[in-house]
Amino acid sequence: MLISEIKKWAKLNGYDTIKNHTDEGQTDYYWSKIEDISITGVSPSIRNLAKDIFNDITDNRWEEHQKEYQDQKTEIRINSE
C-alpha cells in the first residue's frame, strides 16, 4: 500500500492523515476526522492506518468480525480434540 493511496482514500471518507518521522527513526501516521477533530488516532504503519480509519468508519465492524472468526476457530479446534 502506498501512503498516497491511503491519504486519498481517507480524504474521500472525511479524514486527514499526517506522516511523521520521529527522532528515533520511527514513522507514525496520525489521522483525524475532518468534521470532528476529537476523533483521532496514531498508527504505527500504513496498514494499521487504513485499518484504524476503516474501523472508525464502520464502527469497528472489522474488529467484531475478526473476534467472531477467532472464536469460531477456537470452538472448532476444541470440538475436534
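What comes next is a walk through the structure.

Basis of the calculations
- Residues numbered from 1 in each chain as written.
- Predicted model: local features only at pLDDT ≥ 70, side-chain atom pairs only at ≥ 80, totals over all residues.
- Heavy atoms only, no water.
- Salt bridge = Lys/Arg side-chain N within 4 Å of Asp/Glu carboxyl O.
- Patch = residues over 30% accessible without salt bridge, like charges linked within 9 Å, V, L, I, M, F, W, Y side chains within 5 Å.
- Areas by Shrake-Rupley, 256 points an atom, 1.4 Å probe, with all protein chains shown as cover.
- Helix = DSSP H or I, 4+ residues; strand = E, 2+ residues; numbered from the N terminus.
- Lys, Arg positive; Asp, Glu negative; His and termini not counted.
- Charge placed at Lys NZ, Arg CZ, Asp CG, Glu CD.
- Pairing = 2+ DSSP bridges.
- Axes fitted to C-alpha atoms, helices over the stretch in contact; angles between N-to-C directions.
- Contact = heavy atoms within 4.5 Å.
- Buried < 20%, exposed > 50% of the residue type's maximum accessible area, 1.4 Å probe, protein only.
- Arc of directions from axis to C-beta.

What to know about the pattern of salt bridges
No. 1: Taken as a whole and judged by the stated rule, the model has 1 salt bridge.
No. 2: Here Asp 16 ties to Lys 11 by a salt bridge, and the two come within 2.6 Å at their closest N and O atoms.

Observations concerning a nonpolar patch on the surface
No. 1: Residues Ile 18, Tyr 30 and Val 42 make up a contiguous nonpolar surface patch of about 280 Å² in total accessible area.
No. 2: In this structure, Val 42 sits in strand 3 (residues 40-43).

Let's talk about a negative patch on the surface
No. 1: A grouping of Asp 59, Glu 63, Glu 64 and Glu 68 is seen on the molecular surface, where their side chains present a negatively charged patch.
No. 2: Among the secondary structure elements, Glu 64 is positioned in helix 3 (residues 61-80).

What to know about the sheet that holds strand 3
No. 1: Spatial ordering of the open sheet is given by 1-2-3, a layout of 3 strands whose pairing is antiparallel. One side of each edge strand has no neighbouring strand; the edge strands of this open sheet are strand 1 (15-21) and strand 3. Within this sheet the neighbouring strands show an average axis-to-axis angle of 20°, counted without direction.
No. 2: Relative to strand 1, helix 1 (residues 3-12) is tilted by about 150°, and along the sheet it contacts strand 1 and strand 2 (27-33).

As for helix 1
No. 1: Among all positions in helix 1, only Ile 3, Ile 6 and Ala 10 are buried. Buried residues of helix 1 fall within an arc of 60° about the axis and therefore sit on the same side. Among the exposed residues of helix 1, those pointing more than 90 degrees away from its buried face are Lys 8 and Leu 12.
No. 2: On the buried face of helix 1, the contacting elements are strand 1, strand 2 and helix 2 (46-57).
No. 3: The positive-phi residue at the C-terminal boundary of helix 1 is Gly 14, with phi of around 90°.

A short note on the environment of Asn 48
No. 1: By secondary structure assignment, the location of Asn 48 is in helix 2.
No. 2: On the accessibility criterion, Asn 48 (17% relative accessible area) is buried.

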